[in-house]
Structures are given as C-alpha cells and as structure tokens.
Amino acid sequence: TECVSGCVCPEGLFDDGRGGCVEQQDCPCVHNNEWYSSGEKIKVDCNTCTCQKGIWKCTDDVCYGTCMIYGSGHYNTFDGKFYDFDGNCEYVATQDFCGDENSNGSFSIITENVPCGTTGVTCSKAIKMFLGVSDDSQYMSVIKDVGGDVQYWNRTVGLYLVIEASNGVILIWDKKTTVFIKLSPDYKGKVCGLCGNFDDKANNDFTTRSGLQDNNPLNFGNSWKQSPMCPDVTQEIKPCDLKPHRKSWAEKECSIIQSEVFKICHSKVNPAPFYEACVHDACSCDSGGDCECFCSAVAAYAQECLKAEACVFWRTPDICREYQIN
C-alpha cells in the first residue's frame, strides 16, 4: 500500500498509518493487516519482499507447490483450496498422467483411505508413489521406479519419511495420517487428482478425471478413485452430529488454534478452516487415537503458520508432547 498524504501531516510528509508522519522514503507497508517499517522484509512462499517507500518489492522466484492431506479426509490443494472428502478406497492424490489415456507422465501418488473411528470418516493410512509408470496393473506397494531416468532418495527427518525424486517430486509422510506432496514449478498446470491442477487458480481445482469441472467435492473426489468396485461417497459426514457427547470436548481442545497461543499466525493464515477440521477430527476419533487425531489437526495449522514465517511453539508436556513433529 502506497503511503498517502495525511490531512494532519505537514506538507512533504506522509501518514505512516500509525498516527505519525514520516518522509516518503520511510513510508511503511501493509501485509495481512499488519504494518511493516521501511526496509523490513517478509517471506511470501519462497520469495522475499522488502518494504521500499510504502511498496513491497519482491523477488520473483517460482516456488514449489505443496498439497497437504491430513486427518479425517482434509485436503489443501496446491492452489490453496481447502475441502473435505471421506472416501474408503485408493485415490489419485496427484499425477502428471492427465488428459488422454496415452498421455506421457513421470509420476503418480496414490492415497489409500480407510475408516478411522465408527462415524464413517476416513484417513489416509497408506501412501504409494510410482515413478515412470502409467499402467495401473503395474502398481506395487510403497514405491516403484521403472523409468530409468527418474532417480529417488529417501531419508528420515524426525518422524517424517521423506522421498525426493529427480523429476521434482517430494513426498513427506509422518507414517500416520499426514502427507505433504511438493512439486517443482515445472508441473504447473500439468497435474491432476485430489490435489488439484497447480495452476495458481483455486476455483478450478475440482476438475474430475474426465476433465470436467464440478463444484461438488464428493463428485470430484469419487472421480479419482482407483477401483470402480469402491462405493461412491454420497453424503458429507458430520461426526459431531453423530457423536454429540464428544463435541464440547473437541471444541475445548481445538480452541488452542484460535487462542493467544497462535495469535502471531492468525493474520497470516486463517485459523477457521483448521479449527473446524480439528473439531471434526476430535469428534470422529472415537475408537482410540483421540490424541493423535487432535495433535495432527493442530500440527497441520502450525505447519501452515511456519510456511508463513509465524513459528509457534505450541507443544507442552501436557499437549501433544509424544507427537512432536514440528
């Protein structure tokens, strides 16, 4: 936001947005409703922006895209579309085999969703990564490299398994219910699946396997199932309605996301969808794993905060200590 002349400032000086007057070179900048002084820097994705005379000047590096799948069927696409889908099957999370059946590609990532709890919600309990293969009949468990030109490396970072391929695909999995998929900018607009098409437009992420756009997440999600024998999801599951006795406990526990603990992040990452997802998960995990579901849900918001350069130390000896992953 450009610094503009203020009616109470002497001629030649500018309103600094904080009740004072400054020279033009000292004009502050605004980002997410917060003021930054001239010369201050912020991180926007992989780029650095510097406040200069009231205007942000940013580097123009093209960044890796990230899709997050976590908890009881929560998806945050490469383009930032947040939605829920509870399907009990194997689904294409993302792949670059899009378009006609003979299209060329270099990878496919499949998520296996299974019921978690008794309410009907599902969690991603297994992840499969295929490199250089497009034929479903060749799928094998965990990972398969048949392309020759595609190399991959795996390592463990904390509780995460990280698989990095030479074709610009990175898979990060906590071996529980949280998966991060990172793609090189070379894949912009060239991928499809539950993680969207990575074209910087969230409004067209619900593109079905047949290439049609649909506003209904259930129709969209059903189109990406691997087996036609799996039943379609026909209605959204609301576990707190099915288990009302758990709702107050879930809301109380998940309120940490909207509390002072995460205040530094609220202006950078909207907490509302993450709070709702947390309550959803805390209600649904009614057959064991209460803490794991809750902790994974809060950790998902903490991870988004970290990406926005708002590091929050939210874990304590009493809250999710045993699930330390951030």
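Everything numeric in this text was worked out from a predicted model, so none of it was measured.

S.K.: So what exactly am I meant to see when it comes to the overall build of the protein chain here?
M.R.: When helices and strands are tallied, the protein chain shows 6 helices and 18 strands. Across the 326 residues that make up the protein chain, the buried fraction comes to 47%. In the protein chain, the proportion of contacts linking residues at least 24 apart, taken out of those at least 6 apart, comes to 50%. Carbon together with sulfur atoms contributes 49% to the accessible area of the protein chain, which is approximately 16,200 Å² in total.

S.K.: Help me out: how do you make sense of the state of the cysteines in this one?
M.R.: Covalent bonding between the sulfur atoms of two cysteines defines a disulfide. Summed over all chains, the structure comprises 10 disulfides. In this model, Cys-49 is linked to Cys-58 through a disulfide, with the two sulfur atoms separated by 2.0 Å. Disulfide Cys-49-Cys-58: torsion about the S-S bond near 110 degrees, hence right-handed. Accessibility expressed as a relative area gives 44% for Cys-58, which makes it partly exposed. Two residues, Cys-98 and Cys-192, share a disulfide whose sulfurs are 2.1 Å apart. Across the S-S bond of Cys-98 and Cys-192 the torsion is about -100 degrees, and the bridge reads as left-handed.

S.K.: It is not clear to me how the pairing of strand β8 (residues 65-70) should be interpreted in this structure. Could you clarify?
M.R.: Side chains on a regular strand alternate between the two faces of the sheet. Of all 6 residues in β8, 6 are buried; the element is thus mostly enclosed. Going residue by residue along β8, you find Gly-65, Cys-67 and Ile-69 tucked away on one face and Thr-66, Met-68 and Tyr-70 tucked away on the opposite face as well. As judged from the 5 bridges shared by β8 and strand β18 (residues 179-183), these two strands associate in the antiparallel manner. What sits directly across from Gly-65, in β18, is Leu-183. As defined by bridge partners, β8 adjoins strand β9 (residues 74-76) across 3 bridges and the pair is classed as antiparallel. Residue pairing for β9: Met-68 is matched across the bridge by Asn-76.

S.K.: Is there a simple way to think about the sheet that holds strand β17 (residues 169-173) in this case?
M.R.: Read across the open sheet, the 7 strands follow the order β10-β9-β8-β18-β17-β16-β15; overall the sheet is antiparallel. Across the chains shown, the open sheet's two edge strands, defined by having one partner strand only, are β10 (82-84) and β15 (152-157). Strand after strand, the sheet turns through a mean of 15 degrees between neighbouring axes, direction not considered.

S.K.: Mind showing me how you'd approach the packing of aromatic side chains here?
M.R.: Ring pairs (aromatic) are described by centroid distance and by the angle formed between their planes. In total, this model carries 14 aromatic pairs according to the counting rule given. The interplanar angle of 65 degrees and the centroid separation of 5.5 Å between the aromatic rings of Tyr-36 and Trp-56 together place this pair among those described as edge-to-face. In this pair, Tyr-36 is assigned in strand β4 (residues 34-36) and Trp-56 in strand β7 (residues 55-58), connecting sequence segments 20 residues apart. An identical accessibility class is assigned to Tyr-36 and Trp-56; each is buried. Measuring from ring centre to ring centre gives 6.5 Å for Phe-262 and Trp-314, while their planes differ by 35 degrees; the resulting arrangement is tilted. Placement of Phe-262 in the loop between α3 (247-254) and α4 (263-266) and of Trp-314 in the segment after α6 (290-307) is noted, with a sequence separation of 52 residues between them. On the basis of relative accessible area, Phe-262 is assigned to the buried category, the value being 0%. The class of Trp-314 is buried, set by a relative accessible area of 3%. Among the aromatic residues, those joined into a cluster by ring pairs are Tyr-70, Phe-82, Phe-262, Phe-274, Tyr-301 and Trp-314. We note Lys-81 situated over the ring of Phe-206; from NZ or CZ to the ring centre the distance is 4.8 Å.

S.K.: Please explain the sheet that holds β7 as it appears in this structure.
M.R.: Sheet strands pair via backbone hydrogen bonds, and the direction of the pair is either parallel or antiparallel. Strand order in the open sheet formed by 3 strands is β5-β6-β7, and the pairing between neighbours is antiparallel. Each edge of the sheet is formed by a strand with only one pairing partner; in this case those strands are β5 (41-44) and β7. Each neighbouring strand pair of the sheet contributes to a mean axis angle of 35 degrees, computed without reference to strand direction. Pairing between strand β6 (residues 47-52) and β7: 4 bridges, direction antiparallel. Directly across from Cys-49, in β7, lies its bridge partner Cys-58.

Thresholds, definitions, all that
Residues numbered from 1 in each chain as written. Predicted model: local features only at pLDDT ≥ 70, side-chain atom pairs only at ≥ 80, totals over all residues. Heavy atoms only, no water. Helix = DSSP H or I, 4+ residues; strand = E, 2+ residues; numbered from the N terminus. Buried < 20%, exposed > 50% of the residue type's maximum accessible area, 1.4 Å probe, protein only. Contact = heavy atoms within 4.5 Å. Areas by Shrake-Rupley, 256 points an atom, 1.4 Å probe, with all protein chains shown as cover. Disulfide = S-S within 2.5 Å. Pairing = 2+ DSSP bridges. Axes fitted to C-alpha atoms, helices over the stretch in contact; angles between N-to-C directions. Phe/Tyr/Trp six-rings, centres within 6.5 Å; stacked < 30°, edge-to-face > 60°. Lys NZ or Arg CZ within 6 Å of the ring centre and 35° of its normal.

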